[in-house]
Amino acid sequence: MKKKRHQVILELIEKNKITTQEELQDLLKMHGFDVTQATVSRDIKELMLVKRLNSKGEYSYSLPASEKNDENKLKSIFTQSVLNVDYAGNMVVVKCFAGMASAACSAIDSNSLGVSSIVGTIAGDDSFFILCRNDEAAKSINDSINSLLRND
C-alpha cells in the first residue's frame, strides 16, 4: 500500500503544482488513499521531495534535482539502446543493441518511464522481456514505449 501510495504521489507532483501538504492529502484522498497529514509528511520525507519555485512564482513539491537527472539519464539510455518493441499476449519483447538490454531494462525496473502493470522483467544481452498482468497492459506498455522511442 505504501509503495503504491508513493508511486501515486510521484505521479501527482509531476502532473500538478502542489504547494501544500493539505493539497497533496486531498489529491491522495481523491485517488483512494485516506491518509492523515502526518502520513503525508512522512511520505514527503521518505521520497525526499523538495519545494521549488514554479512558473507561477509559488513553491511546489518536486523531486530533488539529482533524481530528475538520474531519471533523464535512464530515459536517454533507454531510447538510445532500444531497436524495437513488440508484444504477444501479456508479454512485451524489447530488442536492443548488443550488450544494452540490461541497462535499458533497468529504466523499466526503476519505473523511470512511468510504466505500470508489470509483474516482472528479465534481461539478456540484446533483448528483455516484460511480463504484464494482462494482454491490455502489454499493449499499453508496447504503445507507450513506441511513443517514447518516436519522441511523441
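Residues numbered from 1 in each chain as written. Predicted model: local features only at pLDDT ≥ 70, side-chain atom pairs only at ≥ 80, totals over all residues. Heavy atoms only, no water.

**Structural notes on the pairing of strand 6 (residues 127-132)**
The pairing of strand 4 (residues 91-96) with strand 6 spans 5 bridges and is classified as antiparallel. Each residue of the ladder has a partner; that of K95, found in strand 6, is S127. Where strand 5 (residues 118-123) hands over to strand 6, the hairpin turn is made up of 3 residues, counted between the paired strands. (Pairing = 2+ DSSP bridges. Helix = DSSP H or I, 4+ residues; strand = E, 2+ residues; numbered from the N terminus.)

**Re helix 3 (residues 37-46)**
What sets the pattern is the α-helix's 3.6 residues per turn: residues three or four places apart point alike. The complete set of buried residues in helix 3 reads T39, V40, D43 and I44. Seen along its axis, helix 3 keeps its buried residues to an arc of 140°; they face one direction. Its buried side turned inward, helix 3 meets helix 1 (2-15), helix 2 (21-30) and strand 2 (59-62). Downstream of helix 3 by one or two residues, M48 has phi in the positive range, about 55°. (Buried < 20%, exposed > 50% of the residue type's maximum accessible area, 1.4 Å probe, protein only. Arc of directions from axis to C-beta. Contact = heavy atoms within 4.5 Å.)

**Focus: the pairing of strand 4**
Here strand 4 shows a clear split, with V92, V94 and C96 buried on one side and none of M91, V93 and K95 buried on the other. Direction of pairing for strand 3 (residues 82-88) relative to strand 4: antiparallel, over a ladder of 6 bridges. From the neighbouring strand, N84 faces strand 4, where its bridge partner is K95. The hairpin formed by strand 3 and strand 4 contains 2 residues between the paired strands, and G89 there has a positive phi angle of roughly 60°.

**Quick word on the packing of helix 1 against helix 2**
At a minimum axis separation of 11 Å, helix 1 and helix 2 run at an interaxial angle of 115°. Between helix 1 and helix 2 lies a crossing of right-handed hand. Contacts from R5, V8, I9 and L12 in helix 1 reach L24, L27 and L28 in helix 2. Split into classes, the residues belonging to the contact of helix 1 with helix 2 amount to 6 nonpolar, no polar and 1 charged. (Axes fitted to C-alpha atoms, helices over the stretch in contact; angles between N-to-C directions. Left-handed = near helix turned anticlockwise from the far one by under 90°. Nonpolar A, V, L, I, M, F, W, Y, C, P; charged D, E, K, R; others polar.)

Such coordinate-based values are descriptive only and should not be taken to indicate function.
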